[in-house]
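# Residue-level structure breakdown
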Amino acid sequence: MLLPWRRIAQHLCPLIGESGFCALFGRAVHVIGPDHAWLAPQHPCRAPEQLFTSLEERMVLVDAERAAAANEALLQTFTQLLAALIGERLTQRLLESATATTDTASGQQKNAQEQK
């Protein structure tokens, strides 16, 4: 469940910084808090990896279905908040590149090289 978050952080942190990523993630957790209060972190996030470790620790405490539902709500809310800040098209492009598989990326690179 954390792989998409790690990929998103890898693409967004160079643009908005680690603290910006953590702030946006924290806001998403706050927004979904009424339905998933158990997700609230115990300590403020300093770096995305710290955030992911804490998130994983909290998710293993609940059943898989509940964790998956919370993760989906968190991803959706995070995406909506990001789109409100930088626009829907840019958000879509960033998230598509962040969630693209390595096979897709290497295939696109190969196609680009063949066209040269």
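This text goes with the structure placed above it.
All residue numbers refer to position in the chain's written sequence, counted from 1. The predicted nature of this model means local features are confined to residues of pLDDT at least 70 and side-chain atom pairs, given and counted, to a pLDDT of 80 or more, with totals for whole chains, interfaces and linings taken over all residues. By convention in this description, side-chain values take in all heavy atoms of the structure and omit both hydrogens and water.

### Here's the deal with the overall build of the protein chain
Labels follow the DSSP assignment, with helices taken as runs of H or I lasting at least four residues and strands as runs of E lasting at least two, numbered in each case from the N terminus. Looking only at helices and strands, the protein chain features 5 helices and 0 strands. Here the protein chain holds 116 residues, and 32% of them are scored as buried. The long-range fraction of contacts in the protein chain, counting pairs at least 24 apart against all pairs at least 6 apart in sequence, stands at 70%. With residues, only the protein chains shown are counted as cover, and all accessible areas are computed by Shrake-Rupley using a 1.4 Å probe. Of the roughly 7,600 Å² of accessible surface on the protein chain, a fraction of 52% belongs to carbon and sulfur atoms. Per-residue accessibility, obtained with a 1.4 Å probe over protein chains only, is compared with the maximum for each type, and a residue is labelled buried under 20%, exposed over 50%, and partly exposed between these values. Pairs of residues are marked as contacts when any of their non-hydrogen atoms sit within 4.5 Å.

### Examining the pattern of salt bridges
For side chains of opposite charge, pairing can occur when their charged atoms come near one another. Every case where a carboxyl oxygen of Asp or Glu lies within 4 Å of a side-chain nitrogen of Lys or Arg is listed as a salt bridge. Evaluation of the coordinates by the stated rule reveals 1 salt bridge. Between Glu49 and Arg6 there is a salt bridge whose closest N-O contact spans 2.7 Å. One end of the pair, Glu49, is in helix H2 (residues 48-59); the other, Arg6, is in helix H1 (residues 3-32), with 43 residues separating them in the sequence. Of the residues examined, Arg6 reaches a relative accessible area of 32% and is grouped as partly exposed.

### Digging into helix H3 (residues 64-86)
For a helix, the expected span equals 1.5 Å multiplied by the number of residues minus one. Relative to the 33 Å expected for 23 residues at 1.5 Å per residue, H3 spans 32 Å between its end C-alpha atoms, a close match to the ideal helical length. When we look at burial in H3, the residues that qualify are Ala67, Ala70, Asn71, Ala73, Leu74, Leu75, Thr77, Phe78 and Leu82. Summarising the contacts, the buried residues of H3 are in contact with H1, H2 and helix H4 (88-99). A 3.5 Å cut-off defines polar contacts: any pair of N or O atoms within that distance qualifies, except that in protein one atom must be a possible hydrogen donor and the other a possible acceptor, and neighbouring residues in sequence count only when both atoms are side-chain atoms. Of the residues flanking the start of H3, the one acting as N-cap is Asp63, its side-chain oxygen 3.2 Å from the backbone nitrogen of Glu65. Of the residues flanking the end of H3, it is Gly87, one or two places downstream, whose phi is positive at about 100 degrees.

Keep in mind that these numbers describe shape and distance, not what the molecule does.
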